[in-house]
Amino acid sequence: CLLTSDFVTGSLDDCACDVETIDTFNNEQLFPKLQKLLESDYFRFYKVNLNKPCPFWKDNSLCGQKNCAVIPCTPNEVPEGIKTNDHHNMYSAEANQECEKAEKLGAVNSSLSEETRQSLREWSKHDDEAERFCVIDDEESPDSQYVDLLLNPERFTGYKGPEAWQIWNSIYEENCFKPYTVKRPLNPMSAYSGNLPDLLPGQCVEKRAFFRLVSGLHSSINIHLSARFLLDDNWYEKKWGHNVSEFQQRFDAQLTNGEGPKRLRNLYFLYLIELRALAKILPVLQRPSFQLYTGQSVQDQQLKLQLIELLQVAKSFPLHFDETTLFAGNKEEAATLKEDFRLTFRNISRIMDCVGCFKCRLWGKLQTQGLGTVLKILFSERQIEALPKSSNSRPTFQLSRQELVSLLNAFGRISTSIRELENFRSLLSMVR
């Protein structure tokens with residue numbers, strides 16, 4: 001049974017957009033610029049704690065396969081400016097205390113401009129834990145390490161079976177708004193990698209959106225695993241590439257009882273949500289006080305210009321998702337639902353510490369943190385609109401470097417998935 005090359009087309013539910021418009025916009029305008037940005041030092045180094053214990057069950061299922069391993073950075077591989085920036089990026093009630101700490105670092109401080117120091121003060125001042133939709137690792141923990149994302153790409157590792165099934169089962173069954181009539185397979189070896197059926201009768205738009213975001217993320221991950229599959233492994237080389245059969249098992253309409261195309265539609269829905277967040281964060285990152293600091297001033301200035309250009313492209317998309325349709329009913333009910341929404345997604349981010357494969361854990365944590373940052377942006381419209389004109393005033397909204405890196409890399413994964421669908425279309429048309 002071969003999947004046709006037009007496996008998902010037409011308009012999308014819950015938004016005034018279609019697949020073809022997104023494909024053209026992503027593949028021709030946005031994807032190339034985004035990939036170039038993610039290759040920069042600022043966005044390729046991500047600090048993460050991969051040794052946190054699973055908070056929900058006793059976890060003795062760490063993957064022993066070599067493809068599951070993550071290679072951390074050595075201290076001299078990470079630009080000094082990034083380490084300094086992250087060190088002073090911990091939130092504090094008093095910005096002046098952080099400024100005093102920075103001034104004691106004579107050697108480092110001498111390389112910082114006043115504008116950059118002001119940026120670090122602002123980033124250190126605002127504690128927005130109550131606004132976060134995900135749990136962020138403590139970057140000061142001795143277990144937190146920098147990882148070069150380009151040297152640890154997301155791809156098929158062989159991590160599967162009951163352990164992988166337990167992760168997704170916990171996400172869908174216990175931490176996702178969905179109809180109680182929809183259940184995952186009881187047999188973890190039966191279609192363990194598939195998404196839940198997208199049957200959402202009678203659900204409010206918020207809960208339906210939450211489910212579609214999780215399903216879209218799951219679909220994106222499955223596309224990456226199918227596109228960078230271990231095709232050959234022998235003593236002299238490993239060959240990674242597109243596995244059409246694996247892709248079909250996850251998305252073919254007949255092989256998935258009609259669910260495959262729905263999963264892909266959820267991927268496009270997730271793309272629109274994350275694209276909207278990039279457009280909305282533009283005024284925050286355009287501020288003169290915002291800096292992408294690695295310690296190399298010329299490159300840092302050029303990188304900020306590239307970032308702003310990318311966000312302007314994102315803003316130019318003609319059919320953005322309208323987030324004002326969410327939580328728009330009775331104010332008290334909407335506030336309660338929004339808090340449930342936030343706490344539920346925070347729980348999902350904690351489940352990532354239960355993933356047995358370290359490489360899967362790395363990308364799972366990054367992508368859930370990225371999506372959590374997206375939600376934080378979308379539901380902070382008033383704070384973003386209230387940004388002060390002067391850089392000397394306390395900002396009403398900001399992101400940590402960790403949030404920004406996860407935001408762009410998470411969207412990079414979704415954008416890559418949309419691009420890979422075009423590759424699979426071509427491959428499938430060749431074998432028909």
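Residues numbered from 1 in each chain as written. Predicted model: local features only at pLDDT ≥ 70, side-chain atom pairs only at ≥ 80, totals over all residues. Heavy atoms only, no water.

A. A look at empty space enclosed by the protein. According to the stated counting rule, one finds six cavities of 30 Å³ or more in the structure shown. Quantified by volume, the largest cavity comes out at close to 410 Å³. Of all elements in the fold, only α7 (162-174), α8 (205-227) and α14 (358-378) reach the threshold of two or more residues within the lining of the largest cavity. If you tally residues by element for the lining of the largest cavity, the top one is α14, at six residues. Split into classes, the residues belonging to the lining of the largest cavity amount to 13 nonpolar, eight polar and five charged. (1 Å grid on protein atoms, 1.4 Å probe; cavity = no way out; pocket = protein on both sides within 12 Å on 5 of 7 lines; lining within 4 Å. Points joined across faces, edges and corners; volume = space filled by probe spheres on them. Helix = DSSP H or I, 4+ residues; strand = E, 2+ residues; numbered from the N terminus. Nonpolar A, V, L, I, M, F, W, Y, C, P; charged D, E, K, R; others polar.)

B. Structural detail: the UniProt feature "active site" (unreviewed entry) in the protein chain. The feature "active site" (unreviewed entry), as given by UniProt, occupies Cys357 and Cys360 in the numbering adopted here. Within this annotated set, the largest cavity is lined by Cys360. Structurally, Cys357 can be placed in the loop between α13 (331-351) and α14. With respect to the secondary-structure elements, Cys360 resides in helix α14. (UniProt positions renumbered as here; feature names shortened; annotations may be inferred.)

C. Just the packing of aromatic side chains, in detail. All told, the structure shown has 13 aromatic pairs when counted by the stated rule. Pairing Phe133 with Phe379 gives two aromatic rings, centres 5.6 Å apart and planes at 40°, and the pair type is tilted. Here Phe379 lies in the loop between α14 and α15 (381-385) and Phe133 lies in the loop between α6 (114-125) and β2 (144-148), a separation of 246 residues in the sequence. Given the relative accessible area of 3%, Phe133 is considered buried. Owing to a relative accessible area of 14%, Phe379 belongs among the buried residues under this scheme. Centroid distance Phe247 to Phe251: 5.0 Å. Interplanar angle 45°. Geometry classified as tilted. Separated by four residues within a single helix, Phe247 and Phe251 lie in helix α9 (residues 244-251), roughly one turn from each other. For Phe251, a relative accessible area of 0% corresponds to the buried category. Lying over the aromatic face of Trp240, Arg155 brings its terminal NZ or CZ to 3.9 Å of the ring centre. Between the NZ or CZ atom of Arg401 and the centre of the ring of Tyr42, over which it lies, the distance is 4.8 Å. (Phe/Tyr/Trp six-rings, centres within 6.5 Å; stacked < 30°, edge-to-face > 60°. Buried < 20%, exposed > 50% of the residue type's maximum accessible area, 1.4 Å probe, protein only. Lys NZ or Arg CZ within 6 Å of the ring centre and 35° of its normal.)

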